[in-house]
Amino acid sequence: MFSKYKKTGASVAPLTEVAKSPKVAEVAPAAKSEREAPPAPKVARQPGPVAAVPKQSPEADDKDRKRRLRLDEIKTEMHHRLLDNLNLSALEGAKDTELRAEITAITSEQLGEMGVVLNREDRQTLNTELFDEVTGLGPLEPLLQDETVNDILVNGPNRVFVERAGKLELSEVRFKDERHLLRIIDKIVSAVGRRVDESNPYVDARLKDGSRFNAMVPPVAVDGSLVSIRKFKKEKLGIDDLVKFGAFSEEMAAYLQAAVACRLNVIVSGGTGSGKTTTLNALSSFIDNKERVLTIEDTAELQLQQIHVGRMESRPPNVEGKGAVTQRDCLRNALRMRPDRIIVGETRGEEVIDMLQAMNTGHDGSMTTIHANNARDACSRLENMVAMAGIEMPLKAVRAQIAAAVHLIVQASRLQDGSRRMVSITEVTGMEGEVISMQEVFRYQRTGLQPDGKIIGHFTACGVRSHYSERFRQWGYDLPNAIYEPIAAQ
């Protein structure tokens, strides 16, 4: 054993009723009987539709459920015993291999004291889950390690959903009970100096790997605590990657490169999970390394690839209701820090005033994201945010400010088949009377639907030459007229 991880003078905890229960001791025989069960009969091939795969019998399902419940009871008891025997202060900085070996040794010793015999598979499962409980986020840890999972959504202890490739599915992961789920939530929020309880039933936080975490606990969450985790993508997707994945076309990429390099102010619009932040990251790759870029976010997610980047993150108030630092506070200070460009992760409040003024006062090339369904809605959202900020301005003046500040609106969307695409690129060209004038330059044209639900379509130009063509040419980006020609459906 690695004695540096073990508490000195720790005594073995007395057996609980769970540990003494004869049901626990029956785990090994139950697992053995499962292993020796005869294989399911083969299904004969029939002409016509493919035969359905036979489902597991109700008896087998019930046996598997009971086995899982017994393992959960053993894991709960073993977790308490580990906390009694492990020197938690020595865990920090320890190698995973050493810690796993120590947990395995203590588990083996305690199982012997409890008189429980497990087969190799159940023992390995128990050791892995105990390691996750001690060092990670318990049942959520395998999902956090799964690269195919984008979002983790917990609806109470027995319903954990994941998003893969844009589609939600119910996972097999679950918590023992609501107390277990609350313990994991408390472990997350306490690590970042926050708290969540009945008096403060919701919290935003960031995991160690940068993933975004949000939780609501009872009594606000009626049927059990609600948890949402947006996983942090370690790989940095560039424009070439997004073109390869079919998010937009090469012509659109060439246009966007010119737009960003020529310092047009860009708003990336879209719904939740539509790929706004990914798009913003990719667009930032066209910013010159000589420029000073400042980013402002509620939860740091942007992964800019430039050398000269200053990152800021807002902060909620403490338990006394003091010490809050809003995005608007960060933005006001950013204006005093000689930025060439300012990138706001998401504009959704009174910071819109400062953002529009920054775009209008020498900080060309600034970018932000906004929740909206299309380009026209994005401008309406900006108008509404200005109104909600308490600024009393005539509507025409507000629209004139928006028309002068915003050059380009990129609309991202998650389609019904789960794919994410840039469905529209729209230029803001000025004012016509009291209305903001726009022109769509590129769009995604849907042409049909495959039997499996996959959307058929293609990207096309709208036949309109860019309003900023002369600006592109002056900056050395003389785009050919061919990229603005519509593409016929194939």
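Now for a look at the structure at hand. (Residues numbered from 1 in each chain as written. Predicted model: local features only at pLDDT ≥ 70, side-chain atom pairs only at ≥ 80, totals over all residues. Heavy atoms only, no water.)

Moving on, we get to the sheet that holds strand β6 (residues 226-230). Read from one edge to the other, the open sheet built from 6 strands follows the order β3-β2-β1-β6-β5-β4, with strand pairing classed as antiparallel. This sheet does not close on itself; its edge strands, each paired only once, are β3 (167-170) and β4 (202-206). Looking at each pair of strands side by side, their axes are set apart by 15° on average, direction ignored. With 4 bridges joining them, strand β1 (residues 151-155) and strand β2 (residues 160-164) adopt antiparallel strand pairing. Directly across from Asp151, in β2, lies its bridge partner Glu163. Where helix α8 (residues 178-191) meets the sheet, it contacts β1, β4, β5 (212-216) and β6, and its direction lies at approximately 135° from that of β5. (Pairing = 2+ DSSP bridges. Helix = DSSP H or I, 4+ residues; strand = E, 2+ residues; numbered from the N terminus. Axes fitted to C-alpha atoms, helices over the stretch in contact; angles between N-to-C directions. Contact = heavy atoms within 4.5 Å.)

Before going further, it helps to examine the pairing of strand β11 (residues 367-371). Of all 5 residues in β11, 4 are buried, a share of seventy percent or more. Both strand β7 (residues 266-270) and β11 contribute to a ladder of 5 bridges, which runs parallel. In the sheet register, Ser269 faces β11, and the bridge partner there is Ile370. Across 2 bridges, strand β10 (residues 341-344) lies against β11 in parallel orientation. Considered in β11, the bridge of Val344 is made with Thr368. Handedness of the crossover joining β10 and β11 through helix α13 (residues 351-360) is recorded here as right-handed. (Buried < 20%, exposed > 50% of the residue type's maximum accessible area, 1.4 Å probe, protein only. Right-handed = clockwise from strand over helix to strand, strands pointing away.)

Below, the discussion takes up the environment of Gly345. Looking at the element boundaries, Gly345 is found in the loop between β10 and α13. Accessibility expressed as a relative area gives 13% for Gly345, which makes it buried. The sequence separation of Gly345 and Ile370 amounts to 25 residues, and the corresponding C-alpha distance is 8.8 Å. Each residue touching Gly345, except ones within four places of it in the same chain, is listed here: Ile296, Glu297, Leu302 and Thr369.

With an omega dihedral of 10°, the bond running from Pro218 to Pro219 counts as a cis peptide bond. Of note, Arg263 is a non-glycine position whose phi angle comes to about 65°, a positive value. Looking at the element boundaries, Arg263 is found in the loop between α10 (250-261) and β7. Here Arg338, not a glycine, exhibits a phi torsion of approximately 50°, which is positive. When you line up the elements, Arg338 lands in the loop between α12 (327-334) and β10. With a relative accessible area of 58%, Arg338 lands in the exposed category.

Closest axis-to-axis distance for the α13/helix α14 (residues 375-388) pair is 8 Å, and the angle between their directions is 120°. Comparing their axes, α14 and α13 come out oblique. Contact with α13, carried on its side by Val352, Ile353 and Leu356, involves Leu382, Met385 and Val386 of α14 and no other residues of that element. Among the residues forming the contact of α13 with α14, the class breakdown is 6 nonpolar, no polar and no charged. (Parallel < 35°, antiparallel > 145°, perpendicular 65-115°, else oblique. Nonpolar A, V, L, I, M, F, W, Y, C, P; charged D, E, K, R; others polar.)

Here we take up α10. With 12 residues, α10 extends 16 Å from end C-alpha to end C-alpha; this agrees with the ideal 16 Å at 1.5 Å per step. Every buried residue belonging to α10 is among Met252, Ala253, Tyr255, Leu256, Ala258, Ala259, Val260 and Ala261, and all of these are buried. Arg263 sits one or two residues past α10 and shows a positive phi near 65°. (Expected span 1.5 Å × (residues − 1).)

What follows concerns the pattern of salt bridges. For the structure shown, the criterion picks out 20 salt bridges. The partner of Arg341 in a salt bridge is Glu291, and the shortest N-O contact between them spans 2.6 Å. Pair noted here: Arg341 is in strand β10 and Glu291 is in the loop between α11 (276-284) and β8 (293-297), with a separation of 50 residues, a long-range link. Each member of the pair Arg341 and Glu291 is classed as buried. What emerges from the salt-bridge pattern is a single network uniting Arg328, Arg332, Glu350 and Asp354. (Salt bridge = Lys/Arg side-chain N within 4 Å of Asp/Glu carboxyl O.)

Our focus in this paragraph is the environment of Gly476. Among the structural elements, Gly476 can be located in the segment after α16 (469-474). Overall, Gly476 belongs to the exposed group, its relative accessible area being 62%.

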